Amino acid sequence: MRKQILLTLASVAAITASAAVPTLRTGREWLEIRHDGRRHSYAWVVNPQIAVDSLESSARTVTFISDIDTINITGLDIYQSADFVVVTASGDTAVTRVVRIPEVLYENPPVRLRRQDGSVRLSREQASFDLDALKYALSQIHPDIYSVVGQEKLLTAFNDAKHSLPDSLTTIDLYRIAAPLVSMIGDGHTCLGFPYNDLFTKELKRLPLSVMPEIDMSLTARSSLDSIIPAGSKILSINDIPASDILDAMLPFVSGERRHFKISRINYSFSALFEMLYGGKEHYSVKYVAPGSKKEQTALLPAVDWEQLKARVRSSAGQAGRREPYSYSIRGNGKIAVMEFNQCVNPAGMKNLCDSMFADLRSRGIRKLIIDVRNNGGGNSQVGDVLLRYIARKPFIQFSKSLVKISPMTARMTGRYDGCPRIDFSTTQDEYYIRPYDADNGHFDGEVVLLTSHNTFSSASSFAWAFKEAGAGKTIGEETGGMNVCYGDILTWSAPISGIPCTISYKRFWQMNADENDIHGALPDVAVPADKALDRALRLLK
């Protein structure tokens, strides 16, 4: 008769106290294994030559079955273990250990892999674990990480990245390896965050130059150490590396649907990417051409620490001043209103502004309006709906179709506990489109022009698309950075070992009348460089 042994957590404690370990006798060289009653795909080979032979399992009960005995290991907490001894027919013994692991290892890594306090470097095993966890998180959260790049190319890139890992690396090194993988997905909302705090210490000496990337792959100076390089200068090279080569080297680290949007987005990460790729120098030789000049000049800028940077480099943001989310002014000899719409925030605030602005325009007899979303990176799409009701010529909706992916991982991150992982797809019928206001409720029946740029993204881009589809007016400028069929609504995930953050879309949106087979941004009726768009609009409305 086969003997059965039940090894629970309580019996483990008793065994530890008495130094006794259960035994399982076998007349053959292999054991059958069952995880929560399900048969393991292969047999467990008994090997007395191994000091301790370990099996990791997420099952609550692990069963080993020989031709003589059966033993059940149950009641273990996560990362607890229990040992027993297998005794062969010849009398040899093999110590066997069962370790309970999480159902999803990436959400609760083993203690041996976790970073110790004060540790500044990662092992190859730790970095490899984070790359696997990143791939898993992307596949579980994002609606379709392969829609742009394809499975073979992306998965091969992940494999190559793991094979390229050195024995020891910093979080900056890991970012350098992982960020291009996330960028390959081609989703501007799905981005790996730069570990700024691990690089930019107060003591770090860095390039004392602030620049603006341009769509032609050039760099324009905004500020520099002691204003040595005049603002507006064209930067030709830094340490003999051409500006275009610098931007080319940065593009793989930036997420986005279109090259022009990725170039504009480098504006927010240039300092970090430059330091990662070209930093560590004592001096930087910068070749430039000053505004109004054709003469090439060279400035030798010493690397400076944070305190010197604050004291000696004038903040370009400070010069421009803080931009309000939305505001308006009167131009064109009192005949044209210009509304700056810089952020999609606070629908109630937008309603208050629209009520007062359009009342003011009516009282002044102003029938020409320019709306500027060139620097609007998005936010809450409801803010755009508020404005559109005053200017749209027909019913509209920013997103006519949507897809939401709720995996078990997404459910935990969003606080959904209904136990129903799913993919929801919905289409909004025409009768549910938003209706514009009538004249009695403040609808503006004048001429409206919208200014767009490659920086117009997310909710600002969907606003621009709906503006055109609703017949609200003309658009002038550049194709928007956001697409008519796009991913969005993000969740923030962090790598379990390094802590590097990653924003990941878990929805897909189809904008009003958008075609999945013809994906692009909102295209301008009059295409001009973004910095020329306002002048062009003012001339058009005169």
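Here, the structure is the one placed above.
Calculation notes
Residues numbered from 1 in each chain as written. Predicted model: local features only at pLDDT ≥ 70, side-chain atom pairs only at ≥ 80, totals over all residues. Heavy atoms only, no water. Helix = DSSP H or I, 4+ residues; strand = E, 2+ residues; numbered from the N terminus. Rg over C-alpha atoms; globule rule 2.2 N^0.38 Å. Buried < 20%, exposed > 50% of the residue type's maximum accessible area, 1.4 Å probe, protein only. Contact = heavy atoms within 4.5 Å. Lys, Arg positive; Asp, Glu negative; His and termini not counted. Charge placed at Lys NZ, Arg CZ, Asp CG, Glu CD. Phe/Tyr/Trp six-rings, centres within 6.5 Å; stacked < 30°, edge-to-face > 60°. Lys NZ or Arg CZ within 6 Å of the ring centre and 35° of its normal. Pairing = 2+ DSSP bridges. Axes fitted to C-alpha atoms, helices over the stretch in contact; angles between N-to-C directions. Salt bridge = Lys/Arg side-chain N within 4 Å of Asp/Glu carboxyl O.

To continue, consider the overall build of the protein. Looking only at helices and strands, one finds 15 helices and 29 strands in the protein. Taking 24 Å as the expected radius of gyration for a compact globule of 542 residues, we find that the protein reaches 31 Å, considerably beyond that expectation. Seen along its three principal axes, the alpha-carbon backbone of the protein occupies a region of about 100 × 65 × 40 Å. The buried share of the protein, reckoned over its 542 residues, is 49%. Taking as baseline every contact in the protein between residues at least 6 positions apart, the subset at least 24 positions apart corresponds to 70%. If you average the places of the 62 positive and of the 60 negative side-chain charges in the protein, the two averages end up 4 Å apart.

Looking at the element boundaries, Thr 70 is found in strand β8 (residues 69–74). Here the alpha-carbon distance between Thr 70 and Thr 23, two residues 47 residues apart in the chain, equals 9.9 Å.

Counting across every chain of the model gives 20 aromatic pairs. With a centroid separation of 5.8 Å and an interplanar angle of 20 degrees, the aromatic rings of Phe 270 and Phe 274 are classed as stacked. Taken together, the residues span about one helical turn, with Phe 270 and Phe 274 both in helix α8 (residues 270–278) at a distance of four residues. For Phe 274, a relative accessible area of 2% translates into the label buried. An aromatic cluster is defined as three or more aromatic residues linked by ring pairs; in this entry it consists of Tyr 175, Phe 194, Tyr 196, Phe 200 and Phe 253. Seen from the ring of Trp 30, Arg 28 lies directly overhead, with NZ or CZ sitting 3.8 Å from the centre. The positively charged end of Arg 265 is found above the aromatic ring belonging to Phe 457, 5.3 Å away from the centroid.

As a general point, the strands of a sheet are linked pairwise by backbone hydrogen bonds and lie either parallel or antiparallel. Strands sit in the order β2-β9-β10-β6 across an open sheet of four strands; the sheet is mixed. Of all strands in the sheet, those bounded by a partner on one side alone are β2 (23–25) and β6 (53–57). Within the sheet, the average angular offset between the axes of one strand and its neighbour, ignoring direction, is 30 degrees. Pairing of β6 with strand β10 (residues 93–100) involves five bridges; the strand directions are parallel. By the bridge assignment for β10, Asp 53 is matched with Thr 96.

Applying the stated rule across the entire model yields 20 salt bridges. Between Asp 83 and Arg 97 there is a salt bridge whose closest N-O contact spans 2.7 Å. Pair noted here: Asp 83 is in strand β9 (residues 81–87) and Arg 97 is in strand β10, with a separation of 14 residues, a long-range link. Look at Arg 97 and you get partly exposed, because its relative accessible area is 27%. Residue Arg 323 is joined to Glu 340 by a salt bridge in which the shortest nitrogen-to-oxygen separation is 3.4 Å. Here Arg 323, found in the loop between α10 (316–320) and β20 (326–331), pairs with Glu 340, found in strand β21 (residues 336–341); they are 17 residues apart in sequence, far enough to count as distant. Residue Arg 323 is classed as partly exposed on the basis of its relative accessible area, which comes to 44%. Among the ionic contacts, a cluster of salt bridges with common partners joins Glu 32, Arg 34 and Arg 39.

Once that is clear, we can look at unusual backbone geometry. Across the chain, the bulk of peptide bonds are trans and the bulk of non-glycine residues have phi less than zero. In this structure, Asn 333 takes a positive phi of about 55 degrees despite not being glycine. Inspection of the secondary structure assignment puts Asn 333 in the loop between β20 and β21. Given the relative accessible area of 81%, Asn 333 is considered exposed. Residues other than glycine seldom take positive phi values, yet Asn 346 does so here, at roughly 60 degrees. Here Asn 346 shows up in the loop between β21 and α11 (347–364). Asn 346 gets classed as partly exposed once you look at its relative accessible area, which sits at 45%.

On the secondary structure map, Thr 96 appears in strand β10. By relative accessible area, which is 2% here, Thr 96 ends up buried.

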